[in-house]
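Here's the letter readout for the chains.
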Amino acid sequence: MPTSDNKIISAHNGNSETEVVDSEWVASGKLGTRDAVLKFRTNILNSDISATSEIQDSNSDNNAADSKNPVSGSSTTPQLFDGRGRSNSIVTKSAKESAESEDTEADLNESGDFQCDSEYSNHEADEGNIDLPYSRTMPAHVLKITYKFMQTETRLIRKIFNRHGLTEVQKDENFSILWTGVHIKPDILRNLAPYQRVNHFPRSYELTRKDRLYKNIVHLQHLHGFRSFDFVPQSYMLPKELKELASAHNKQKGPWIVKPAASSRGRGIYIVNAPDQIDMDEPVIVSRYIVDTLCIDGHKCDIRIYVLVTSFDPLVIYIYEEGLVRLATVKYDRREAHLWNPCMHLCNYSINKYHMDYIKPNDDTEEDIGHKWTLSALLRHLRVQGHNVPQLMANIEDLIIKSILACSQTVIAACRMFVPSGNNCFELYGFDILVDNSLKPWLLEVNLSPSMGVDSGLDTRVKACLLTDLLTCVGIPAFSTSTRDTFDKKWTRFRSINFGKRTSSADSGNKRPSVSGSQNLHPLTTEEQRIVRNACMQNARRGGFVRIFPAEDTMQRYGHYLDTTTGIPLSTSVAPGQNLCPMVLPHNYNQVLFDNLYGKNAVNKGAKEGNSAKQRYAQYERALANSTRIVFCKKNIEKSEELCKNLRAEILSYINSGSELTQLQARQTFSRYLEAVLHRLTKEPRDFHEKLILKFLNRIGGAFKTPVLFKNPENAKVVNKARSAMVAKLLSDFLEQYIRDTEAYIDSFEYYNMIPTKLYNDFLNHALESDLEHVLALITCLTGLMPYLYNRYGLSVPPTPPIPSGQYGFLRALPAMVARGTGSREFHKCESYLRIEKANASGKCDKLPYIAANKKRK
């Protein structure tokens, strides 16, 4: 008896009108077939799309490879283009209604820069979570395809999934795609079914950690020569290589840039003139600072390139056709007196956005205005100036390929150990590249999970196209629930039976003829057929991605870096006769794939793919076609002075009558207060308040250290915009960690002497900085406790300092609330609090211990 899902699929296949819908949202096969995958598009993300869909015969999508080509010709039927030149089948509102809706949308950053960056603050208000009528008719919703998030920013990705009909997983439910911002545990990888996708490969840190990346590239420099891998600045890992650094500095003086081995968003980076100025408290990597850098209108810039790897064996690499160019806010000056200024020498958006002179490109059609450009705009700018743009992009492609080759051996070994299917994993890397004044690219770092934040119209436009093309290229199988259940059962049985056979079959010596160094004329095995078929279907769905490996000249340029038997990139020296992976049957998937795409096999079949360097370089320079604006509607709370005054009076009445804030409520109040302080500092910098914040962060310890620029007394005295931006950046980093720690606290029920949760949440939503400050000061003075910084039963809690009366009194007392070196030990402890909450829920604890402790203290 057919299931409901199968009935729907058969209905889809039997209706010609519905087949048109399926062709719009399903690729590589008809709905219900084994090869069918979901198709993602940006047109459905527009908030002006009506709930009514109209079927249109759209043939413009057949040329998805030319995704930057604008569609020519006029049509009597209103069509919406998805930002990459492809028409859509959704009817839009009239131009007048669209303009009115855009005018009513609030600017994303009106409520403060910190809230825009931090989607953990309130992603429930995202428009993407709304159950729209047309989402229920999408194939993903019909097939009950699910997604899962783990420790990652989800604002744009959540909207894409929800608008395409995917739903978030519930407890004990399998996902079709897992999107995480951290490394995936081996247990999750081992239990993946063939239809499941995850956005990380195991051991990706070999490429994304600065120390591991440099070490892997140095290995290849020793094996294949320094000139072939001369794209990373001279670097040393401290404190291990301090003597080598001192020797290099004595030979050639010059500034050095210091970076933590594992950090992101410009945290902990500073520039020094000599090695004796480096802080040795933690492992760092020190690189020679590139002084002669490419500048745009006098501003230093770097490039963010988005790189997609869908497989490591065989190696398949794509570059997205559009990237982002980030400009420093302050004009570049190479003199020693300005080395302290991070807004001049660092291009990270997370630092420069707090500078008062930073210009944000809110109009998505302005690609070369402000302090953030698109890659295509930069390339056109360089071509006008007479530079050799194709050679620059050729060097960038070479840099990316060689960087991935340097870590492939370790990742392949981990994939064979943990990943059951070749299609389970994919990875989107963010390559940060600096170009010097001779147009030579230098690799700065590789980001594991590049930011998908959408703080401007340009960000939204580029990243929405990037993510939709990525999800389509990777391919989420359009399987029904019954098919997925069948896969789960069969795949579990297959793993349990065949896991132990891998070793025995590999050790038995059954080897197929070697395919290294020559064209493969042997019949393809089942696995090789799958690899070639998947590569062809992926390339057909690539959208705006450009495949750079394999390409027509791959074996000519990079074949000598690959092992002649296995095709695995060599990053360590191998003795004659030694096998890199002795437990796996020898094969050369890289050679097999190349032969069937560009070699004699492809020529004989007449299926040779066109992927010349000239075609790739032309695609990089073309601008994205104009698209309608994608708006993220946040829940706007109108703050009424009268309502705020009443809520404040009610909260103060509770506190004066003996009620106390729970630790969760206290931490939420403190985080909202610091958010208000941060917003005020970015708009109205005050020297005295900046020094108070710095003193507080310095005392709290941990990763929040006073930057090197403030260790120079002369720099600390200077009141300027760059220093204000740096203080705001430090406070923002502290807030991010603080809010994440606060998520571990829960109030499972309302107990006696507790302020009602709903009332207090209403107060937090409407409170101003002065209201929050008054509540924090009152609860501190009445109870003598500081639950927003310490657990109430902590052993090293300092005495509560007196809080001055008047405006900003709490801020003035804030540094004294932290005893130097003690805050970091108590700051992250929440297990005991959760244990007490659990005891209260079970009725085993009638009185909270912190109340008794408070009476004892009094």
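Model, not experiment: these values are computed from the prediction.

**Comments concerning the overall build of the protein**
- Helix and strand counts for the protein come out as 34 helices and 20 strands.
- Across the 858 residues in the protein, those meeting the buried criterion constitute 55%.
- Considering only contacts within the protein whose residues lie at least 6 apart along the sequence, 74% involve residues at least 24 apart.
- Of the roughly 37300 Å² of accessible surface on the protein, 52% is carried by carbon and sulfur atoms.

**Observations regarding the packing of helix H25 (residues 687–700) against helix H28 (residues 721–742)**
- For the pair H25 and H28, the least separation of the axes is 10 Å and the interaxial angle reads 40°. Of the possible angle classes, the one that applies to H25 and H28 is oblique. The chirality of how H25 crosses H28 is left-handed. Contacts between H25 and H28 pair Asp-687, Glu-690, Lys-691, Ile-693, Leu-694, Phe-696, Leu-697 and Ile-700 from the former with Arg-723, Ser-724, Val-727, Leu-730, Leu-731 and Phe-734 from the latter.
- A class-by-class count of the residues in the contact of H25 with H28 yields nine nonpolar, one polar and four charged.

**Thoughts on empty space enclosed by the protein**
- As enumerated under the stated definition, the model contains seven cavities of 30 Å³ or more in all.
- Of the volumes computed, that of the largest cavity is approximately 420 Å³.
- Considering the residues around the largest cavity, the lining is formed by 26 residues, among which Ile-257, Lys-259, Leu-443, Leu-444 and Glu-445 are closest to the centre.
- Within the residue set of the lining of the largest cavity, elements represented by two or more residues are helix H9 (210–224), strand S10 (256–260), strand S12 (284–288), strand S14 (299–312), strand S18 (427–435) and strand S19 (441–447).
- Of the residues contributing to the lining of the largest cavity, the split by class is 14 nonpolar, four polar and eight charged.

**Structural notes on the pattern of salt bridges**
- Enumeration according to the criterion identifies 31 salt bridges in this entry.
- The shortest N-O distance in the salt bridge between Arg-209 and Asp-211 comes to 2.9 Å.
- A residue is classified by how much of its surface remains accessible, and Arg-209, at 30% relative accessible area, is partly exposed.
- Classification of Asp-211 as buried rests on a relative accessible area of 13%.
- Glu-527 is the salt-bridge partner of Arg-530, the closest N and O atoms lying 2.5 Å from each other. Residue Arg-530 and its partner Glu-527 are located together in helix H18 (residues 526–540), separated by three residues, close to a single helical turn.
- Under the relative-accessibility criterion, Arg-530 is labelled partly exposed at 25%.
- Since its relative accessible area comes to 32%, Glu-527 is described here as partly exposed.
- Sharing partners across several salt bridges, the network here consists of Asp-302, Arg-304, Arg-326 and Asp-432.

**What to know about the nonpolar core**
- Judged by nonpolar contacts, the single largest core of 73 residues is most densely connected at Ile-305, Val-307, Ile-317, Ile-400, Ile-404 and Phe-431.
- In this structure Ile-305 touches Ile-319, Leu-375, Ile-396, Ile-400, Tyr-429, Gly-430, Phe-431 and Ile-433, once residues within four positions along its chain are discounted.
- Judged by nonpolar contacts, the second largest core, of 64 residues, contains Leu-678, Leu-776, Ile-803 and Phe-810.

**Some thoughts on unusual backbone geometry**
- Between Leu-238 and the following residue, Pro-239, the backbone shows a cis peptide bond with an omega angle of 10°.
- Mapped onto the elements, Pro-239 comes out in the loop between strand S9 (235–238) and helix H10 (242–251).
- Asp-313 connects to Pro-314 through a cis peptide bond whose omega is 5°.
- On the secondary structure map, Pro-314 appears in the loop between S14 and strand S15 (315–320).

**Some remarks on the packing of aromatic side chains**
- Tallying each qualifying case throughout the model produces 24 aromatic pairs.
- Taken together, a centroid distance of 6.2 Å and an interplanar angle of 55° make the contact between Phe-549 and Tyr-558 tilted. Like Phe-549, the residue Tyr-558 is buried in the burial classification.
- Aromatic rings pair up to connect Phe-670, Tyr-673, Phe-696, Phe-734, Tyr-738, Tyr-788 and Phe-810 into one cluster.

**Some points on the sheet that holds S10**
- Spatial ordering of the open sheet is given by S9-S12-S10-S11, a layout of four strands whose pairing is antiparallel. Because the sheet does not close on itself, it has two edges, and the strands there are S9 and strand S11 (270–272). The average angle at which neighbouring strand axes cross in this sheet is 30°, direction not considered.
- Note: S9 against S12, four bridges, orientation antiparallel. Within S12, the position partnered with Met-237 by the bridge is Ile-285.
- Contacting S9, S10 and S12, H10 runs over the sheet at an angle of about 145° to S9.

**Remarks on the state of the cysteines**
- Counted according to the given criterion, the structure contains zero disulfides.
- Lacking any disulfide linkage, Cys-415 is separated from the closest cysteine sulfur, that of Cys-425, by 5.7 Å.

**Examining the sheet that holds strand S7 (residues 177–180)**
- The strand order across the open sheet formed by four strands is S6-S5-S7-S8, and the pairing between neighbours is parallel. Two strands close off the open sheet at either side, each with one partner strand: strand S6 (167–168) and strand S8 (197–198).
- Note that strand S5 (residues 146–150) and S7 share four bridges and pair parallel. Pairing of Phe-149 across the sheet is with Trp-179, part of S7.
- On the sheet, helix H6 (residues 155–163) packs against S5, S6 and S7 and is oriented at approximately 170° with respect to S5.

**A short note on helix H29 (residues 757–766)**
- Within H29, the full set of buried residues consists of Leu-759, Tyr-760, Phe-763, Leu-764 and His-766.
- As for H29, its buried residues are in contact with helix H23 (641–656), helix H24 (663–683) and helix H30 (769–783).

**Points about the confidence of the model for the protein**
- Model confidence for the protein is summarised by a mean pLDDT of 77, while 72% of its residues fall at 70 or above.
- Across residues 822–858 the pLDDT falls below 50, and counting only partners more than four positions away or on other chains, this stretch makes 65 contacts in the model.

**Observations concerning the environment of Thr-662**
- Inspection of the secondary structure assignment puts Thr-662 in the loop between H23 and H24.
- As for Thr-662 and Ile-755, which are separated by 93 residues in sequence, their C-alpha atoms are 8.2 Å apart.
- Within the local environment of Thr-662, its side chain forms a polar contact with the backbone nitrogen of Gln-665, the two atoms lying 3.1 Å apart.

**Comments concerning the side chain of Asp-432**
- Note on placement: Asp-432 falls in strand S18.
- A relative accessible area of 2% places Asp-432 in the buried class.
- Excluding residues that lie within four positions of it along the chain, Asp-432 makes contacts with Ile-303, Arg-304, Arg-326, Trp-442, Leu-443, Leu-444, Glu-445 and Asn-447.

The rules we used
Residues numbered from 1 in each chain as written. Predicted model: local features only at pLDDT ≥ 70, side-chain atom pairs only at ≥ 80, totals over all residues. Heavy atoms only, no water. Helix = DSSP H or I, 4+ residues; strand = E, 2+ residues; numbered from the N terminus. Buried < 20%, exposed > 50% of the residue type's maximum accessible area, 1.4 Å probe, protein only. Contact = heavy atoms within 4.5 Å. Areas by Shrake-Rupley, 256 points an atom, 1.4 Å probe, with all protein chains shown as cover. Axes fitted to C-alpha atoms, helices over the stretch in contact; angles between N-to-C directions. Parallel < 35°, antiparallel > 145°, perpendicular 65-115°, else oblique. Left-handed = near helix turned anticlockwise from the far one by under 90°. Nonpolar A, V, L, I, M, F, W, Y, C, P; charged D, E, K, R; others polar. 1 Å grid on protein atoms, 1.4 Å probe; cavity = no way out; pocket = protein on both sides within 12 Å on 5 of 7 lines; lining within 4 Å. Points joined across faces, edges and corners; volume = space filled by probe spheres on them. Salt bridge = Lys/Arg side-chain N within 4 Å of Asp/Glu carboxyl O. Core = buried A, V, L, I, M, F, W, Y, C linked by side-chain atoms within 4.5 Å. Phe/Tyr/Trp six-rings, centres within 6.5 Å; stacked < 30°, edge-to-face > 60°. Pairing = 2+ DSSP bridges. Disulfide = S-S within 2.5 Å. pLDDT = per-residue confidence, 0-100. Polar contact = N/O pair within 3.5 Å; in protein donor to acceptor, adjacent residues only side chain to side chain.

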